[in-house]
Amino acid sequence: MTEQKWTSQRLPSFEGRTVIVTGATSGLGRIVATELGAKGARVVLAVRNVAAGEEVAATISGGAEVRALDLADLSSVRSFAAAWEGGIDVLINNAGIMMVPKRLTIDGYESQFATNHLGHFALTNLLLPHITDRVVTVASSAHRWGGFDLDDLNWERRAYQPEKAYGQSKISNLLFTLELQRRLEGTGLKAYAAHPGYAATNLQGHTGNALKHALMAVGNRVVAQSAEAGALPTLYAASQDLPPASYVGPDGLGEYRGSPTLVGRTAVASDPDLARKLWTESEALTGVSWPL
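Residues numbered from 1 in each chain as written. Predicted model: local features only at pLDDT ≥ 70, side-chain atom pairs only at ≥ 80, totals over all residues. Heavy atoms only, no water.

1. Examining the packing of aromatic side chains
Cut-off, in case you're wondering: Ring pairs are drawn from Phe, Tyr and Trp, using the six-membered ring of Trp, whenever the two centres fall within 6.5 Å, and their geometry is named by plane angle: stacked under 30 degrees, edge-to-face over 60, tilted for the rest. Labels follow the DSSP assignment, with helices taken as runs of H or I lasting at least four residues and strands as runs of E lasting at least two, numbered in each case from the N terminus. Throughout, exposure labels follow a simple rule: accessible area from a 1.4 Å probe, protein chains only, divided by the maximum for the residue type, with under 20% read as buried, over 50% as exposed, and the rest as partly exposed. The criterion is that NZ of a Lys, or CZ of an Arg, lies within 6 Å of the ring centre and within 35 degrees of the ring normal, and then a charge sits over that ring.
Tallied over the entire structure, the rule returns nine aromatic pairs. Taking 4.8 Å as the distance between ring centres and 75° as the angle between the ring planes, the aromatic pair formed by Phe121 and Trp279 counts as edge-to-face. Remark: Trp279 occurs in helix α9 (residues 272–286) and Phe121 occurs in helix α4 (residues 111–127); sequence separation between them is 158 residues. Each member of the pair, Phe121 together with Trp279, is buried. Through a chain of ring-to-ring contacts, the aromatic side chains of Phe121, Phe176, Trp279 and Trp290 assemble into a single cluster. Above the plane of the ring of Phe14 lies Arg17, whose end atom (NZ or CZ) is 5.1 Å from the centre.

Below is the structure:
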């Protein structure tokens, strides 16, 4: 008997549960928020563009709440967390940028590392006293693209390479999940990661390079799965009972597409010692410490 593939139709009820989704104005985040809202969740869209967030919220079953959050600005992260009251069942660290030209955030950090990792690191730690179930962080199969230099996280010594900088930020997501789960041991809280495979979204459209845009546009049409399919691993990680620090991705060839399943990481992204060191460095860079 063939096992039934997991789809959003198999999501359990989220009635009475509160879920925060970062970066929910488009792509995967919008789909995740919409699906969870349809299952009764109180969905909070944590977004940089509040007007766009309000437009999305109006389309979500039961409505959704919109709050301003710019992950590239640590003062915005602090303001979001300081204003929060009440419990959070699930925090979904979804927002991200991909392969952008080198630029620094207002805090002086390389933008991909800052947005994809540091902002979510700070947000999670600041909100952790409110979280009652789990944290899901969206990583990427791009964590396999390059190495990881703990001594040059900000790309100050190396020639900047957008693809490798993105890959390093995604390794950071996986190391963060690993160390977060270690610290949560015994609390009943869980930390998971997920990746969408190759999903057709607008994430790939900000490289500033016309040739890259053209190639990725072709890839979105020929190779990629839909954004709806790409959102399934995140929904799976947000709703299923999984082993600690699980990483969920598509089950197809190369993890490009398919149904959600548990997938592997590179040796670098699985290194517990490196995860601890990155955590310590992230505390120093953000000024945010472990709250428990």
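2. Re the packing of α4 against helix α5 (residues 162–184)
Relative placement of two packed helices is described by the angle separating their axes and the distance separating the axes. Rules: Comment: axis = line fitted to C-alpha atoms, over the contacting stretch for helices; angle = value between 0 and 180 degrees taken between N-to-C directions. An angle below 35 degrees is read as roughly parallel, one above 145 as roughly antiparallel, one from 65 to 115 as roughly perpendicular, and any other as oblique. When the near helix sits turned anticlockwise from the far one by under a right angle, the crossing is termed left-handed; a clockwise turn instead gives a right-handed crossing. Residue contacts are counted whenever heavy atoms from the two residues lie within 4.5 Å of one another. Residues are grouped as follows: Ala, Val, Leu, Ile, Met, Phe, Trp, Tyr, Cys and Pro are nonpolar; Asp, Glu, Lys and Arg are charged; every other residue, Gly included, is polar.
At a minimum axis distance of 7 Å, the contact between α4 and α5 shows a crossing angle of 15°. Relative to α5, the element α4 is oriented roughly parallel. Here α4 and α5 pass one another in a crossing that is right-handed. Of the residues in α5, those touching α4 at Gln112, Phe113, Asn116, His117, His120, Phe121 and Thr124 are Pro162, Ala165, Tyr166, Ser169, Lys170, Ser172, Asn173, Phe176 and Leu180. Tallied by class, residues from the contact of α4 with α5 come to seven nonpolar, eight polar and one charged.

3. Thoughts on the pairing of strand β7 (residues 247–250)
Remember that side chains alternate between the two faces of the sheet whenever the strand is regular. Formally: At least two bridges found by DSSP between two strands is the condition for calling them paired.
Across two bridges, the pairing between strand β6 (residues 190–194) and β7 is parallel. Bridging across to β7, Ala193 finds its partner in Tyr247.

4. Some remarks on the confidence of the model for the chain
Predicted coordinates in regions of low pLDDT should not be interpreted in detail. Selection criterion: The quantity known as pLDDT measures the predictor's confidence residue by residue, on a range of 0 to 100.
Confidence in the prediction for the chain averages 92 pLDDT; 90% of positions are at 70 or higher. Below pLDDT 50 for its whole length, residues 211–222 participates in 20 contacts with residues either more than four positions away or in separate chains.

5. Some points on unusual backbone geometry
Although it is not a glycine, Met99 adopts a positive phi angle of roughly 55°. On the basis of relative accessibility, which here comes to 6%, the residue Met99 falls in the buried class. Even without glycine at this site, Ala245 takes up a positive phi of about 60°. Take Ala245: it is sitting in the loop between α8 (232–239) and β7.

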